[in-house]
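What follows is each chain in one-letter form.
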Amino acid sequence: MTERMLKFISLPQQTPEKREAAERREDFNEIYEDFVPATAQAQASRCSQCGIPFCSVNCPLSNNIPDWLKLTAEGRLEEAYELSSATNTFPEICGRICPQDRLCEGNCVIEKGFESVTIGAVERYVTDTAFEKGWVKPIRPARELPESVGIIGAGPAGLAAAEALRARGYQVTVYDRHDRVGGLLIYGIPGFKLEKEIVLRRWKWLEEGGIKFVLNADIGGETSFAALRGKHDALLVATGVYKPREITGPGSGLKGIVRALDYLITSNRKSLGDAVPDFDSGLLNAKGKDVVVIGGGDTAMDCVRTAIRQEAKSVTCLYRRDRQNMPGSLREVKNAEEEGVTFTWLAAPEAFLGDDTVTGVRAIRMHLGLPDASGRQSVETIEGSAFTVKADLVIKALGFDPEDLPAAFNEPGLRLTGWGTLKAHPKTFETSLPGVFAAGDIVRGASLVVWAIRDGRDAAAAIHHHFLAATNVQAAE
Ligand SMILES: Cc1cc2nc3c(=O)[nH]c(=O)nc-3n(C[C@H](O)[C@H](O)[C@H](O)COP(=O)(O)OP(=O)(O)OC[C@H]3O[C@@H](n4cnc5c(N)ncnc54)[C@H](O)[C@@H]3O)c2cc1C
Ligand code: SF4
């Protein structure tokens, strides 16, 4: 075994080829090329097969990484796929968009001095190959069960739960207010990180497995929550978090100041070939504009890089902390810088300039103060340091809070946490309403795709136990 592995000593880390910045600015395709088989095999062989795999420990799905790396190194790709898909519903998606530097790869024991195994790229390669070779089979439950589960939200949490419940034989219907499946995977995350075909392929696969989708269904709007509750034996709420954090202050209501998700959804719809009037009118199109994006998370990074691809005249990201303290992935900052984005660290907007439409942002310099109780440094303004950035499109990307679900669903009995997320039992995933479960960002707050998958899978297991317990009670009666 060791003969084939432990190659990190002699073989340097190699990621899949990254397209030149000048080329990738021109389109919305993914920036990394596919691994060629020999490179994937060689890179997998760099794994040291260490005794305590910290990569697995730090993967939210506890993926059995060393074992599927070994199988890949040995050319046993179908087995590698079986193993990787046993713990991850969408390995090719996580392989593309997990912040591996903070999760599996950041904890690889060979990282110190040798650079980590490229775990994400191998994970993506294994499942892409499995799709190509026809090893990815539709879900075929061993038996059909009568209980039906309604899932509200076709994002990664809802879809992972749908797959796991259907595989156990339950009748699963997923409802979403959008016209396509995927949640933020399809309409939030841009194609240069995750091409849309990857998400559409999974939609088809889930449908082939017998999962029903009811789209354009805004639950709490035309379809009432109570009606769904009456229709299914259990409900899972996986609606994500969508209330954007707003910026107040002088001029914040000017035209040309837009919300990040409106901007990204528009761009993703254009990539999918939809007619989008707000793009065609120029409202949500950065072409020829001086663009300022406010925020430092993944959403802000996606906005700046989208604006570059829409041929903005200039793109500036304003963030009130510094590079080391930003919430977004540093890998994405590097990609954005290569593509021509200017980062103005330690700066926050003070006012928006213009009469009717925005023409500029007046910002003020910040400095980092002492850490607060959470250990995070406070930010303080520097008196007299105001400066102006020219802007005719300002994109607000300050993060998201949960919508008021008890009001939206007309269910005052649905209890919330202090943060406005749904209160769900950590083990049973049940909310304050019997038979109603919840998972993903709506419970956790804005998080990551890999955590949404984990929560969806765990919630499905909990719903299964809920049904088993109910059957046992009936049998005992
Ligand atoms: C721009 C952006 C970029 C991101 N980039 C990354 C990244 O690179 N890597 C990463 O790991 N994470 C990233 N994230 C975070 C990640 O996308 C989320 O954590 C994840 O999608 C949460 O999954 P979810 O299933 O809980 O919710 P969502 O993906 O938000 O899905 C919820 C679904 O519920 C539907 N819904 C909501 N309310 C209703 C209703 N009333 N009726 C019917 N349907 C409803 C919505 O339409 C949506 O389809 C990013 C997030 C954003 C916003
Ligand atoms: S799911 Fe994410 S954290 Fe886990 S091994 Fe894959 S890329 Fe790493």
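In this report, we go over the structure that sits alongside the text. Only a predicted model underlies this, so the values are computations on that prediction, with no experimental measurement involved. (Residues numbered from 1 in each chain as written. Chains lettered and ligands numbered in written order. Predicted model: local features only at pLDDT ≥ 70, side-chain atom pairs only at ≥ 80, totals over all residues. Heavy atoms only, no water.)

1. As for the environment of A348
Here's step 1: Tracing the sequence through the fold places A348 in strand β10 (residues 347–353).
Here's step 2: When the C-alpha positions of A348 and A217 are compared, they lie 39 Å apart, and in sequence the two are 131 residues distant.
Here's step 3: Ignoring anything within four residues of it in the chain, the contact list for A348 reads R320, R362, A363, I364 and M366. (Helix = DSSP H or I, 4+ residues; strand = E, 2+ residues; numbered from the N terminus. Contact = heavy atoms within 4.5 Å.)

2. Some details on the pairing of strand β8 (residues 314–318)
Here's step 1: The buried fraction of β8 is high, at four of five residues.
Here's step 2: Pairing between strand β7 (residues 290–294) and β8: five bridges, direction parallel. Bridge pairing in β8 places D290 opposite S314.
Here's step 3: Regarding topology, helix α15 (residues 298–309) serves as the crossover connection from β7 to the parallel β8, and that connection is right-handed.
Here's step 4: By the bridge criterion, three bridges tie β8 to strand β9 (residues 342–344) in an arrangement that is parallel. Each bridged residue has a counterpart across the sheet, and for C317 the counterpart in β9 is F343.
Here's step 5: Handedness of the crossover joining β8 and β9 through helix α16 (residues 330–339) is recorded here as right-handed. (Buried < 20%, exposed > 50% of the residue type's maximum accessible area, 1.4 Å probe, protein only. Pairing = 2+ DSSP bridges. Right-handed = clockwise from strand over helix to strand, strands pointing away.)

3. A closer look at the sheet that holds strand β14 (residues 393–396)
Each strand in a sheet pairs with another by means of backbone hydrogen bonds, the pair being arranged parallel or else antiparallel.
Here's step 1: Strand order across the open sheet formed by five strands is β6-β14-β7-β8-β9, with parallel pairing between neighbours. Bordering the open sheet on either side are β6 (257–259) and β9, each of which pairs with just one other strand. In this sheet, adjacent strand axes meet at a mean angle of 25° when their direction is disregarded. (Axes fitted to C-alpha atoms, helices over the stretch in contact; angles between N-to-C directions.)

4. With respect to the site of ligand 2
Here's step 1: Taken together, the neighbourhood of ligand 2 is formed by 13 residues, with C59, C98, Q100, C104 and E123 sitting nearest.
Here's step 2: Classifying every residue of the shell around ligand 2 gives nine nonpolar, three polar and one charged. (Near = heavy atom within 4 Å. Nonpolar A, V, L, I, M, F, W, Y, C, P; charged D, E, K, R; others polar.)

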